[in-house]
Amino acid sequence: MTRRWLSVLDLKLWRDFWSMRGQALAIALVIAGGVSVHLVMAGMLGSLDETRSAYYERYRFADIWAPAVRAPNAVIDDIRQIDGVAAAQSRILAPVLFDMPDMTAPPSGVIHSLPHVGRPLVNDIHLLSGSMPDPARRDQVVVLEGFASAHDLKPGDILDVTIRGRRERLAVSGIALAPEYVYAIAPGQLVPDAALFGVLWMDRDALETAADQQGAFNEVVVRLSRGADPAPVRAAIDRILEPYGGSGAYTRREHVSAAFLRSELDQLQTMGAILPPIFLAVAAFLVNIVISRLIAVEREQIGLLKAFGYSSEAVSLHYLKLVAVIAALGLVIGFGLGTWLGHSMAVMYTRYYSFPFLIFSASPGVYVIGVLVTLAAVGGGAMWAVLKAARLAPAVAMRPPPPPDYSRAAGAVLTRLNVLDHQSRMVLRQIFRWPVRAGLTVTGIAASGALLVMTLYFLDAMEVMIESYFDLSNRYDMAVTFTEPRTMTAFYELAGREGVVEAEPYRVASARLMFENREVLMSLTGVVDDPVLSRMMDGRGLTVSPPPGGLVLSEDLANRLNAASGEMLAAQVTEGARPLLERVITQTPSVLVGSGAQMRLGDLNEALGEGRVISGVYLRVDPDFQDALYLELKDAPLVAGVQLHAIARENFTALMDQSMQRSIYIYTLFAGMIALGVIYNSVRVSLAERERELASLRVLGFTKGAVSYILLAESAILTLVALPISLVAGAGMAWSMAKAMSSDFFRLPFVIEPATYGYSACVLIVIALISGLIVRQRINRLDLIAVLKTRE
């Protein structure tokens, strides 16, 4: 007995839904793709942003950093009086080399001072275990959690380190996280390596002695008052610290950890704005063709319903309810899939971003927006067909529609070509009968292929980036950095070590680059006349060497300054004698990783008035002698750090493999969902429309293969037409993503390998074949007698 709470139209709704369950599921999966991407991107964006804001606020993360050489402790009082400064903390910062018994390569890092009494006013740390250093002891340190975990360090363990050339034996008092090192990365590196970069915190009095900073400090960290402009505060700090070797204050934009995290948030926002609309637009199209076909099939039923007293509004609401059921199914699948993907992404982020906690959590607003946008998209897709059903008069609806007239259809002349057999003419007539639907089908298939090309583009771009940076631009094995500039004697000492095959010195001087009204804090790098081990390269793969008296600026840096080749650039050096240099920009090569401003080593030495002085050396080393050289560098005085190029490449490649491969699989799945939804629904609708026609052909003697050809050739033609469009559209989307996702740290090259196009095309063809095989089974099972009994 029919339950009273289900109306007649509701019972019909569920029968219709069940009869078209395959098509409904295909549409729901497309909706689910858009909803899940929206949920992941918006939810992860919100989770990261909220976690970052809370972490920064709770532990008083700095707004400004201002390094110096040696400033008296009393100077901090002058900085605290600057208008806009809410809190200021002076501290000591020194490079450190670790001697770890579990590895030959020498890890490097930094050591910060902690106030002798109380907690830091700015840049506090989050203690995970153990305790803060005992002020009564001079050998205790807190260790950054990532480094401690990589070396299995616990409170009470002993560390052997070198601080400014002095060997120290330190005891671990605690393990901590810090907002300053959410993304803990060594200078010059691309990705974190917890085993090779460590951070320590030590009592201020103890570090004063170890770093030779008694009664002084070499860095100030500042928190601004709410709404304060950082520019005048930076300028005031620079004026105060200039007599003490201040090298220029900088903000969170230039702070490596904060900038990397901000870049990740920007990329999440970009992806969240681009991808969901693609899915929902395709879903709207699918709903339109499916509901239009359902209304056409049920034309007589609609007339009967109206004849028995059902209003146009009730009939319209009935079909909108059916669309809502499909949308609800897509929302449920999308929210479930998005939540799972979001938690997986949060776990992945915790490997590279060190927060006390990071939990994926989408706000109610994210879900509400997902529901509203989905309903608007699918409702809009169905609205035209529903309004058409509402306008049908009962007498008109109960008559079959007039047969289509192919004689005046666009492209009808093609159907009269003698070279075409009868089946091919029937295929073309069906396409020309519904040109708008055919065009939308091509658009939907092309959208899925374009999404796939855009996704695979990232793999091509990363491969080019890795090759350009690690194999072509930088060909050294290790980069040795000194704690302070040294004479060329240090270079000759390193170059003469056993096992050193090639050596190349460089000089780095902090500076403010100025052009017109723009200013960027960026180091000037002095390189040898024809650099080989570390160099800038142009788009043709040729070395870009600074000419005598000239300056080479990376293209991204030139764009930030709005400067071009041939123009005069001012560089205010912020160390030593602090000269103001004016140099002509000779070239602006496109650099994929980092930014750079280079001039000849001799020119920079001369401008600084310091003689032949260098900041470090690039080395190419015989592998048989690497371990011995590592041991020597661990004990070398005034060596601040050693960057290992091979390990950096391994880490970067591993990061790309882990994050990009997972993304590739997910977005390939999403692209497949779009293609399957479009192609399968297109073929199913054609089958529903032409069942009587195909059954008649079978009765007239056409084979199953011939009948299948008539139906499936349409899908094949539309797929083949969509392929080149999808490849071109995918290239356009890849170009847009390359521009949108470039940051201060990375520029994605626009390069798409032929294999990417081939793979994308193969995926679409395979999905078309699978859809065809599914429908072919339905053609083989056609009940000829039952179909022929139905009214047209």
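That block above? That's the structure.
Described below are features of the structure shown in this document. Along each chain, numbering runs from 1 in the same order as the chain's sequence is written. The model is predicted, so local features are restricted to residues of pLDDT at least 70 and side-chain atom pairs to those at 80 or more, both for listing and for counting; the totals for chains, interfaces and linings are taken over all residues. Hydrogens are left out, water is left out, and the side-chain values use all remaining heavy atoms of the structure.

With respect to unusual backbone geometry
Part 1 of the argument: Positioned with a positive phi, E516 is a non-glycine residue whose angle comes to about 55°.
Part 2 of the argument: Only DSSP runs of H or I covering at least 4 residues are called helices, and only runs of E covering at least 2 are called strands; the numbering of each starts at the N terminus. As for its placement among the helices and strands, E516 is situated in the loop between β14 (511-515) and β15 (518-521).
Part 3 of the argument: Phi is positive for N562, close to 60°, though the residue is something other than glycine.
Part 4 of the argument: Position of N562 among the secondary structure elements: in the loop between α15 (555-561) and β20 (568-573).
Part 5 of the argument: Residue exposure (1.4 Å probe, protein chains only): buried if accessible area is under 20% of the type maximum, exposed if over 50%, otherwise partly exposed. Judged by its relative accessible area of 47%, N562 is partly exposed.

Thoughts on the nonpolar core
Within soluble globular proteins, side chains that are nonpolar tend to cluster in buried spots.
Part 1 of the argument: By nonpolar core is meant a set of buried Ala, Val, Leu, Ile, Met, Phe, Trp, Tyr and Cys residues that side-chain atoms within 4.5 Å join together. Core analysis: the biggest nonpolar cluster contains 146 residues, and M44, L48, I291, F652 and L748 have the highest contact counts within it.
Part 2 of the argument: For this core, the leading source of residues is helix α7 (residues 256-297), giving 20 residues.

What to know about the packing of helix α19 (residues 704-740) against helix α20 (residues 754-780)
Part 1 of the argument: Geometry is summarised by axes, namely lines fitted to C-alpha atoms with helices restricted to the contacting stretch, and by angles between N-to-C directions that run from 0 to 180 degrees. In contact at an axis separation of 10 Å, α19 and α20 are set at 160° when each is read in the N-to-C sense. Put simply, α19 runs roughly antiparallel to α20. For α19 against α20, the interelement crossing comes out right-handed. Of α20, the residues touching α19 (which contributes K704, G705, V707, S708, L711, L712, T719, L723, S726, L727 and A731) are Y757, S760, A761, L764, I765, A768, G772, V775, R776, I779 and N780.
Part 2 of the argument: Per-class residue counts for the contact of α19 with α20 are 13 nonpolar, seven polar and two charged. Comment on the angle field: the value is read as roughly parallel under 35 degrees, roughly antiparallel over 145, roughly perpendicular from 65 to 115, and oblique elsewhere. Helix crossings fall into two classes, left-handed where the near helix is turned counterclockwise from the far one by less than a right angle and right-handed where it is turned clockwise. Here a residue-residue contact requires only that any non-hydrogen atoms of the pair lie within 4.5 Å. Charged residues are taken to be Asp, Glu, Lys and Arg, nonpolar residues to be Ala, Val, Leu, Ile, Met, Phe, Trp, Tyr, Cys and Pro, and polar residues to be all remaining types, Gly included.

So, the environment of Y310
Part 1 of the argument: Locating Y310 in the fold gives a position in the loop between α8 (299-307) and α9 (312-350).
Part 2 of the argument: For Y310, a relative accessible area of 29% gives the class partly exposed.
Part 3 of the argument: Separated by 301 residues in the primary sequence, Y310 and L9 have C-alpha atoms spaced 9.8 Å apart.
Part 4 of the argument: Filtering out sequence-adjacent residues up to four positions away, Y310 remains in contact with V8, L9, L305 and V315.

Comments concerning the pairing of β15
Part 1 of the argument: Where β14 lies against β15, four bridges are found, and the strand directions are antiparallel. Pairing of F515 across the sheet is with R518, part of β15.
Part 2 of the argument: Taking the residues between adjacent antiparallel strands as the criterion, β14 and β15 are bridged by two residues, where E516 takes a positive phi near 55°. Any two strands are treated as partners once DSSP identifies two or more bridges connecting them.

Examining the pattern of salt bridges
Pairing of side chains with opposite charge becomes possible as their charged atoms draw close.
Part 1 of the argument: Salt bridges are defined as contacts in which a side-chain nitrogen from Lys or Arg sits within 4 Å of a carboxyl oxygen from Asp or Glu. Applying the stated criterion to the full structure yields 21 salt bridges.
Part 2 of the argument: Taking the shortest distance from any N to any O, the salt bridge between R252 and D63 comes out at 3.2 Å. Separated by 189 residues along the polypeptide, R252 in the loop between β11 (250-251) and α7 and D63 in the loop between α2 (21-58) and β1 (64-72) bring together distant segments of the chain.
Part 3 of the argument: By relative accessible area, which is 26% here, R252 ends up partly exposed.

Here we look at the environment of L358
Part 1 of the argument: By the element assignment, L358 lies in the loop between α9 and α10 (364-391).
Part 2 of the argument: L358 sits 62 residues away from A296 along the chain, and the two C-alpha atoms are 52 Å apart.
Part 3 of the argument: Not counting the four nearest positions on each side in its chain, L358 is found in contact with M44, S47, L48, T51, A346, Y349 and T350.

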